[in-house]
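Residue-level structure breakdown
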Amino acid sequence: MYIDSFISNKNIILSLEEKIKTSKLSHAMLIFAKNGCGVNHFAKLLAGDILNIDKSDFHLIETESHPQVQIIKGSGVSGQIKVDSVRDINSNVNFSSLSGDKRVVIIQNCEKFNQNSANALLKNLEEPKDDITYILTSTDSSAILSTIRSRCQIFTLTQPSVSECREYFKDEKAEYLTRLIDIYDGNIGLVKDCLNNPKRLEILHKAIQAQEYINQQDQYSLAKLLFAFNKKKDEFSLFLNDIEYICDKKLNENNVNVLNAITISRNAMDRNANLALIMENFIISIKK
């Protein structure tokens with residue numbers, strides 16, 4: 001089966017394979033995983049197994065063009081899943097029932113539902129059709145509406161171990177690979193992003209440099225470095241994620257202050273506060 005190729009989580013994989021073989025799979029599943037652990041990729045592998053897709057056709061699921069797999073994701077800066085996207089699901093689900101084709105609907109990052117889009121989906125979850133399977137994914141279990149959780153079978157994928165991550169990248173020759181695996185605790189997705197995207201690696205390097213400035217109490221150099229993220233909210237968010245990983249390696253008093261500053265900055269970003277002000281407050285919070 002396709003999900004056999006997924007790294008780690010063998011107990012969940014065996015359970016799902018048994019449910020597929022015995023036709024006891026739930027009509028709706030909610031799958032959690034930490035960012036970078038490949039939960040959306042796992043959902044596509046699972047869809048291939050549910051539909052018994054031929055290997056020659058699996059690339060259509062990967063490219064999100066398979067006629068029996070509908071993939072819904074958020075849009076815009078916020079990534080919010082809008083009610084119109086759910087209405088598209090309803091239209092396709094109704095068509096599926098008429099055509100007789102079995103279908104899988106993957107809803108990525110379903111913590112991005114608003115109340116209207118969540119309510120629009122609930123009717124389908126409450127009145128499931130035999131030929132439709134829903135796979136919902138999320139990286140934030142605390143943000144999922146209880147009404148959605150209660151109608152899904154829940155699975156939580158764990159991050160691969162550092163040794164499993166090393167095995168996954170055993171043929172990779174990048175000189176900084178060992179450092180990446182160490183920083184990200186074996187998170188394959190985050191390591192892969194840095195290996196494949198020079199801009200992403202540059203952000204990590206800035207996070208490492210920022211940590212050095214913080215340890216040296218060099219606020220001027222830190223402020224100069226942070227200014228590079230002015231009007232680049234998405235990149236600053238990745239920078240905060242990287243600083244968090246670095247600080248988690250050594251929880252001294254200084255790093256605890258940094259982690260608190262990261263939390264304050266994220267809360268301000270969620271409120272759409274001015275980014276320059278957020279960065280200024282980040283430095284002030286660290287000084288405290």
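Attention here is on the structure that accompanies the text.

The rules we used
- The numbers attached to residues start from 1 for each chain and follow its sequence in the written order.
- Where totals are concerned, whole chains, interfaces and linings use all residues; where local detail is concerned, this predicted model gives features only for residues with pLDDT of at least 70, and gives and counts side-chain atom pairs only at 80 or more.
- Processing note: side-chain calculations cover all non-hydrogen atoms of the structure and skip hydrogens and water entirely.
- Helix and strand definitions follow DSSP, with helices as H or I runs of at least four residues and strands as E runs of at least two, each counted in order from the N terminus.
- Here's how the labels work: a residue is buried when its accessible area is under 20% of the maximum for its type, exposed when over 50%, partly exposed in between, all with a 1.4 Å probe on protein chains only.
- We call two residues in contact whenever any of their non-hydrogen atoms come within 4.5 Å of each other.
- Residue count minus one, scaled by 1.5 Å, sets the expected span of a helix.
- Among buried residues, the Ala, Val, Leu, Ile, Met, Phe, Trp, Tyr and Cys ones that are joined through side-chain atoms within 4.5 Å form a nonpolar core.
- Between any two strands, at least two bridges found by DSSP are needed for them to pair.
- To define axes, lines are fitted to C-alpha atoms, for helices over the stretch in contact only, and angles between the resulting N-to-C directions are given on a 0 to 180 degree scale.
- The salt bridge criterion pairs a side-chain nitrogen of Lys or Arg with a carboxyl oxygen of Asp or Glu, the two atoms within 4 Å.
- Only a pair of cysteine sulfur atoms within 2.5 Å qualifies as a disulfide here.
- Any pair of nitrogen or oxygen atoms within 3.5 Å is treated as a polar contact; in protein, a donor-acceptor pairing is required on top of that, and neighbouring residues in sequence qualify only through side-chain atoms on both sides.
- Throughout this description, any angle smaller than 35 degrees is read as roughly parallel, any larger than 145 degrees as roughly antiparallel, any in the 65 to 115 degree range as roughly perpendicular, and the remainder as oblique.
- Charged residues are taken to be Asp, Glu, Lys and Arg, nonpolar residues to be Ala, Val, Leu, Ile, Met, Phe, Trp, Tyr, Cys and Pro, and polar residues to be all remaining types, Gly included.

Attention shifts here to the overall build of the protein. Each helix and strand counted, the protein has 14 helices and five strands in total. Judged by the C-alpha coordinates and their principal axes, the protein covers about 65 × 45 × 30 Å. Buried positions account for 44% of the 288 residues belonging to the protein. In the protein, once contacts between residues fewer than 6 apart in sequence are set aside, the share between residues at least 24 apart is 70%.

Taking 1.5 Å per residue, twelve residues should reach 16 Å; helix 2 (residues 39-50) reaches 16 Å between its end C-alpha atoms and fits that length. With ten of twelve residues buried, helix 2 lies mostly within the body of the structure. When helix 2 is considered as a whole, its buried residues turn out to be Val39, Phe42, Ala43, Lys44, Leu45, Leu46, Ala47, Gly48, Asp49 and Ile50. Contact partners of the buried residues in helix 2: helix 1 (10-21), strand 1 (28-32), helix 3 (58-62), strand 2 (69-72), strand 3 (103-107) and strand 4 (132-138). Just beyond helix 2, the residue with positive phi is Asn52, at close to 55 degrees.

What follows deals with the nonpolar core. The biggest cluster of nonpolar side chains holds 43 residues, and the ones touching the most others in it are Tyr184, Val191, Leu226, Phe236 and Phe239. When contributions to this core are tallied by element, the ones reaching two or more residues are helix 8 (177-183), helix 9 (188-196), helix 10 (198-215), helix 11 (219-226), helix 12 (233-248), helix 13 (253-270) and helix 14 (275-287). Looking at this core element by element, the count peaks at eight residues for helix 10. The contact partners of Phe239, leaving out residues within four places of it in the chain, are Ile203, Lys206, Ala207, Ala210, Leu225, Leu226 and Phe229. Judged by nonpolar contacts, the second largest core, of 29 residues, contains Tyr2, Ala43, Ile50 and Ile71.

On to the side chain of Gln108, then. Along the chain, the position of Gln108 falls in the loop between strand 3 and helix 5 (115-126). Gln108 has contacts with Asn40, Lys44, Glu64, Ile71, Ile72, Lys73, Ile81 and Thr137, leaving out every residue within four places of it along the chain.

The sheet built from five strands is open, its strands ordered 2-3-4-1-5 with parallel pairing. The strands lining the two open edges of the sheet, one partner per strand, are strand 2 and strand 5 (153-156). The sheet shows a mean angle of 20 degrees between the axes of neighbouring strands, direction not considered. Here strand 2 runs beside strand 3; their pairing, made up of four bridges, is parallel.

Moving on, we get to the pattern of salt bridges. On inspection of all chains with the given rule, the structure shows ten salt bridges. Between Glu64 and Lys44 there is a salt bridge, and its shortest N-O distance comes to 3.3 Å. Taken as a pair, Glu64 in the loop between helix 3 and strand 2 and Lys44 in helix 2 lie far apart in primary sequence, 20 residues in all. What makes Lys44 buried here is its relative accessible area of 12%. The residue Lys249 makes a salt bridge to Asp185 at a minimum N-O spacing of 2.2 Å. Note that Lys249 is positioned in the loop between helix 12 and helix 13 and Asp185 in the loop between helix 8 and helix 9, a separation of 64 residues in sequence. Since its relative accessible area comes to 34%, Asp185 is described here as partly exposed.

Here the focus is the state of the cysteines. On inspection of all chains with the given rule, the structure shows zero disulfides. In this model Cys110 remains outside any disulfide bridge; the closest cysteine sulfur is found in Cys152, 7.4 Å from its own. Here Cys110 falls in the buried class, since its relative accessible area comes to 3%. With no disulfide partner, Cys194 has as its closest neighbouring cysteine sulfur the one in Cys165, 11 Å distant.

The subject of this paragraph is the side chain of Asn187. Tracing the backbone through its elements, the reader meets Asn187 in the loop between helix 8 and helix 9. A polar atom in the side chain of Asn187 sits 2.8 Å from the backbone oxygen of Asn35. Polar side-chain contacts of Asn187 include one of 3.1 Å to the side chain of Gln159. Excluding residues within four positions of it along the chain, Asn187 makes contact with Asn35, Gly36, Cys37, Gln159 and Tyr245.

It is worth spelling out the environment of Val191 at this point. Examined against the element boundaries, Val191 turns out to sit in helix 9. Note: C-alpha distance between Val191 and Phe169 (22 residues apart in sequence) is 9.4 Å.

Right, let's talk about the packing of helix 9 against helix 10 for a bit. Pairs of packed helices are described in terms of their axes, by the angle between the two and the distance that separates them. Helix 10 packs onto helix 9 with a crossing angle of 110 degrees between their chain directions and a minimal axis gap of 5 Å. What the angle tells us is that helix 9 and helix 10 run roughly perpendicular. Together, Asp193, Cys194 and Asn196 of helix 9 and Pro198, Arg200, Leu201 and Leu204 of helix 10 make up the contact between the two elements. For the contact of helix 9 with helix 10, the residue count by class is four nonpolar, one polar and two charged.

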